[in-house]
Amino acid sequence: MCKGYLCLVFHAHLPFVRHPEYESFLEENWLFEAISESYLPLLRVMNKLKEDSIPFKLTFSISPTLASMLSDELLQKRYINHLKKMQDLAAREVDRTKRDSQFKPLALMYKELLEANYYDFCEVYKKNILKGFKALEKDGYLEIITSSATHAFLPLYDQYPQVVEAQINTAVISHGRLFGKEPTGFWLPECGYYPGVEKHLKANNLHYFFTAAHGTLFSPSRPRYGVYAPLCCNNGVHFFGRDLQSSSAVWSGQDGYPGDATYRDFYRDIGFDLPLDYIRPYIHEGDIRIFTGFKYYAITGKTNQKKPYNREEAAAKVREHAENFLYQRTMQVKRLSRLMKRPPIVVSPYDAELFGHWWFEGPQWLDHLIRFSAEQQEVEMITPSEYLKLYPENQIGQPSYSSWGNRGYAEVWLDSSNDWIYRHIHKAIERMTELAIRFPEEKGLKRRTLNQAAREVVLSMASDWPFIMKNGTTVPYAVRRVKEHLHNFNRIYENLCRNTVNTEWLTSIEKKNNVFPDIDYLIFSNG
Amino acid sequence: MTKERLLNLSKESLISLAEQEDVDFSPEAGKEELIELILEALEEERSEHESSNNPAMRVKETKYDIVLERIISLKEDEFPIPETYNETYIKLLMRDPLWAYAYWELKDSDLEIFQGGFLATEPFIRVYEIQESLQNAPVSTSYFDIPVKLSDNNWYINLPRTGSSYYLALMYKLGKTEKTLCTSNTIKSPNETYGLLKDGGGIADAGNDLVLLSGLYDFEAPSSKNVIPQRIISFLDAQYIQLKD
């Protein structure tokens, strides 16, 4: 029997960004970059492991907005266009660097990566990469769970149980439609927990969720095993606490592996380095320079004088780091198992986009880690459901209000830069609830209108918008998105108060904001 | 926004940008000077954000980074939303165990109380604190007042204690009488304490060690004294602890 378990959780999420009203749209690149740099490379790693008969168990939380975008035809078509444009740039880069012994291999590397992406996306997955995740789940390698419908930070909506119910129920229905099965677990966006949210998880047949370390540790009854065993809420829903040591080894750009000088630098990109005349066709209109993904330098140090990226050196380092991570976990479970009557579970959740997009070598690190894990018996990979099957009886507890954001609470999503949104979103929730109660049995056009109103309310709640308002570079877009959804909702509300519907306008916003086709506005009368 | 982009903007646009960024500039400032000041302000803002973010949030930022510098929009508001709803209400949100955020509004007819010569004082917020026993039974209620102006509509409130419940009343005085305009929802500030190891189990005395190994290196048993227990901010942000073999 193993001494302990490692539960790696990859949370994949992007907000719903889809702009059919424009030929191309800058923020749609979030999705395209994540597909190219994280999701497809991770799928390649997992499929190669499977092909090599290497056992592994991973948990993937794929947010409902991301899953919807990955299965959206318009965005799939646009991703192919994006890939073709990048392949064109790759060809020009190979030519531009043909006499440069340091950069030419890198240009070739990007060309090959893009070719692999094109082949996988078009030929292997027939434009829908969810198929790749589903197949791995079917074969028992993955456990795929869901998150709230639009990744709302739920503690800031605790006074509106109906909208929390709407976020969770819509997510579960959307997951069932896109993955063909009910999710068993739930990723609370930003690990944002407030006492009582488990009631909605239970109502939607979800068996477990994750909390920040202090969310578990500050349970009213002290967790006997710290964060190294799940606890069970009074209603039977389990929760797993995040392990800080293994998390920081991968998250931290300073103390963690991704900050190693050998690894590829994220910020140096030819989109900013090369002359405008050359790069213009590949950046945004109006000569707005953007990341292209072609990055030729290593992190090197805290200086602008970067060394060229050396693939072989980085490959050696990533192997070393995977070995070190496993060694550290082995030591950790040895220490823990001396204090526990059962094997500890070390839960390490990460944003999936960290792997490949930010930490270029991340997917290779995962590959090595899994291969090394398969060669030893002390630390075994496991999913939360499997652990709960082995150990169904757990200490009763209740997490404390918490998140994994700065200082552990809500300050990232409630700050002077973004606090103005809550007054308006809360009002929209109250008005949506009023509509759901006033119109309990609508059919046809009126039902469509009410469903779109519900869609607009949940879209306005995405945690991404306040996050970007506080931290991001695309603040005007985040502000515009919150206002757009509130504006649409208010217009519907006013129309319904006058008993009118503008069919043409309704159809246009239904086509644009087409997420959650099966949303039911009546969910707002529950909770 | 890069220097390259700023150089392409007109002086009027640069002034508008400088105003948006709260940059102090003299009316005689030329384009070059404005650009330098704007870039300085943006850089200051960027490093402030970077230093206040923990590793998880820093990585998350890169997910949304398509450009290197913050995009600033000079466009008109495309999607107007109402500024107010002509209703009287006050709401309370929890930001962290010691800070809450309140927002409120007064409907026109309530505003008239303060404008129509009724001798009403400016409004104030009464913060009610309900201290509870371990069994969540209320043991005492106390309050303090925060004066606000008629023009205010939101406020961050420093909570005196973790572990208590709080709610607000938006009030005013008419002569010697206190009148309540509305009351808020109740929030409960998290305790930030370790509970008692109620049901034994595990290995003798291992409970503290495991909590320690879970990331709390300065563990102290909760005291019956009314002290704010150690907060875990420092290591949550550092998110790195060294364990002894």
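Residues numbered from 1 in each chain as written. Chains lettered and ligands numbered in written order. Predicted model: local features only at pLDDT ≥ 70, side-chain atom pairs only at ≥ 80, totals over all residues. Heavy atoms only, no water.

### Quick notes on the domain arrangement of chain A
Residues and elements named next belong to chain A.
- For chain A, the assigned domains are domain 1 (4–71 + 128–254 + 315–353 + 371–407) and domain 2 (414–525).
- On a C-alpha basis, the centres of domain 1 and domain 2 stand 28 Å from each other.
- Taken together, the contact between domain 1 and domain 2 spans 36 residues of the former and 31 residues of the latter.
- A combined buried area of about 2900 Å² lies between domain 1 and domain 2, and 63% of that area is made up of carbon and sulfur atoms.
- Counting the surface domain 1 buries against domain 2, the share from its top three residues, Phe-16, Tyr-157 and Tyr-160, is 21%.
- Run the count over domain 1 and domain 2 and you get 3 salt bridges. (Domains from an automatic or database assignment. Contact = heavy atoms within 4.5 Å. Buried area = accessible area lost by both parts, 1.4 Å probe. Salt bridge = Lys/Arg side-chain N within 4 Å of Asp/Glu carboxyl O.)

### Here's the deal with the pattern of salt bridges
- Applying the stated criterion to the full structure yields 42 salt bridges over all chains.
- Across the pair Arg-371 of chain A and Asp-52 of chain A runs a salt bridge, and its minimum N-O distance is 2.9 Å. Of this pair, Arg-371 of chain A sits in helix H13 (residues 362–374) while Asp-52 of chain A sits in the loop between helix H1 (29–51) and strand E2 (58–62); the two residues are 319 residues apart in sequence, bridging distant segments of the chain.
- Between Lys-60 of chain B and Asp-351 of chain A there is a salt bridge, with the nearest N and O atoms lying 3.1 Å from each other. A residue pair is termed interchain when its members come from two chains, as with Lys-60 of chain B in helix H4 (residues 55–63) and Asp-351 of chain A in strand E8 (residues 345–351).
- One continuous salt-bridge network, built from bridges that share partners, spans Glu-21, Arg-480, Glu-484 and Lys-512 of chain A together with Glu-78 of chain B. (Helix = DSSP H or I, 4+ residues; strand = E, 2+ residues; numbered from the N terminus.)

### Considerations on unusual backbone geometry
Residues and elements named next belong to chain A.
- The backbone of Asp-287 sits at a positive phi, close to 60 degrees, despite the residue not being glycine.
- With respect to the element layout, Asp-287 can be found in the loop between helix H11 (276–279) and helix H12 (311–337).
- With relative accessibility at 23%, the residue Asp-287 sits in the partly exposed group.
- One non-glycine residue, Phe-516, adopts positive backbone phi at about 50 degrees.
- Counting through the fold element by element, Phe-516 comes out in the segment after helix H19 (503–512). (Buried < 20%, exposed > 50% of the residue type's maximum accessible area, 1.4 Å probe, protein only.)

### Focus: the nonpolar core
Residues and elements named next belong to chain A.
- Membership of the largest hydrophobic core comes to 234 residues, with the highest contact counts inside it found for Leu-58 and Trp-365.
- In terms of residue count, the dominant contributor to this core is H1 (12 residues).
- Three or more residues apiece are contributed to this core by two domains, here domain 1 (4–71 + 128–254 + 315–353 + 371–407) and domain 2 (414–525).
- With near-sequence residues (within four places) excluded, Trp-365 lies in contact with Val-250, Tyr-257, Val-318, His-321, Ala-322, Phe-325, Phe-355 and Trp-359. (Core = buried A, V, L, I, M, F, W, Y, C linked by side-chain atoms within 4.5 Å.)

### Details of the state of the cysteines
Residues and elements named next belong to chain A.
- Within the structure shown, the criterion is met by 0 disulfides over all chains.
- Lacking any disulfide linkage, Cys-232 is separated from the closest cysteine sulfur, that of Cys-233, by 6.6 Å.
- Judged by its relative accessible area of 10%, Cys-232 is buried. (Disulfide = S-S within 2.5 Å.)

### Quick word on the packing of H1 of chain A against helix H3 (residues 73–96) of chain A
Residue and element names in this part refer to chain A.
- In contact at an axis separation of 10 Å, H1 and H3 are set at 75 degrees when each is read in the N-to-C sense. With respect to H3, the axis of H1 lies roughly perpendicular. Of the residues in H3, those in contact with Asn-29, Leu-31, Phe-32, Ile-35, Ser-36 and Leu-40 of H1 are Leu-75, Arg-78, Tyr-79, His-82 and Leu-83.
- Considering only residue class, the contact of H1 with H3 consists of 7 nonpolar, 3 polar and 1 charged. (Axes fitted to C-alpha atoms, helices over the stretch in contact; angles between N-to-C directions. Parallel < 35°, antiparallel > 145°, perpendicular 65-115°, else oblique. Nonpolar A, V, L, I, M, F, W, Y, C, P; charged D, E, K, R; others polar.)

### Description of the sheet that holds strand E1 (residues 89–96) of chain B
- As summarised here, the arrangement of the 3 strands in space is E1-E2-E5 (chain B), forming an open sheet in which the pairing is antiparallel. Edge positions in the open sheet fall to E1 and strand E5 (154–158) of chain B, since each of these has one partner strand only. Between one strand and the next, the sheet's axes are offset by a mean angle of 25 degrees, whatever the strand orientation.
- Against the sheet, helix H15 (residues 420–438) of chain A contacts E1, strand E2 (99–105) and E5 of chain B, and its axis sits at roughly 65 degrees relative to E2 of chain B. (Pairing = 2+ DSSP bridges.)

### Quick look at the packing of H12 of chain A against H13 of chain A
Residues and elements named next belong to chain A.
- Close contact between H12 and H13 brings their axes to 8 Å; oriented N to C, the two are set at 50 degrees. The angle between H12 and H13 places the two elements in the oblique class. When the axes of H12 and H13 are compared, the crossing they make is right-handed. Within the contact between the two elements, H12 uses Ala-315, Val-318, Arg-319, His-321, Ala-322, Glu-323, Phe-325 and Leu-326 and H13 uses Gln-364, Trp-365, His-368, Leu-369, Phe-372 and Ser-373.
- A class-by-class count of the residues in the contact of H12 with H13 yields 8 nonpolar, 4 polar and 2 charged. (Left-handed = near helix turned anticlockwise from the far one by under 90°.)

### Structural notes on the side chain of His-200 of chain A
- For His-200 of chain A, the location among the structural elements is in helix H7 (residues 197–203).
- Here Glu-165 of chain A takes part through its side chain, which lies 2.9 Å from a polar atom of the side chain of His-200 of chain A. (Polar contact = N/O pair within 3.5 Å; in protein donor to acceptor, adjacent residues only side chain to side chain.)

### Some thoughts on helix H17 (residues 464–471) of chain A
- In terms of burial, H17 of chain A is largely enclosed, as 8 of its 8 residues are buried.
- Taken residue by residue, H17 of chain A has Asp-464, Trp-465, Pro-466, Phe-467, Ile-468, Met-469, Lys-470 and Asn-471 of chain A as its buried positions.

### Topic: the environment of Ile-345 of chain A
All names here are of chain A.
- By secondary structure assignment, the location of Ile-345 is in strand E8.
- For Ile-345, a relative accessible area of 0% translates into the label buried.
- With 341 residues separating them in the primary sequence, Ile-345 and Gly-4 have C-alpha atoms 6.0 Å apart.
- Excluding residues within four positions of it along the chain, Ile-345 makes contact with Tyr-5, Cys-7, Val-227, Tyr-228, Ala-229, Pro-230, Phe-240, Ile-382 and Tyr-387.

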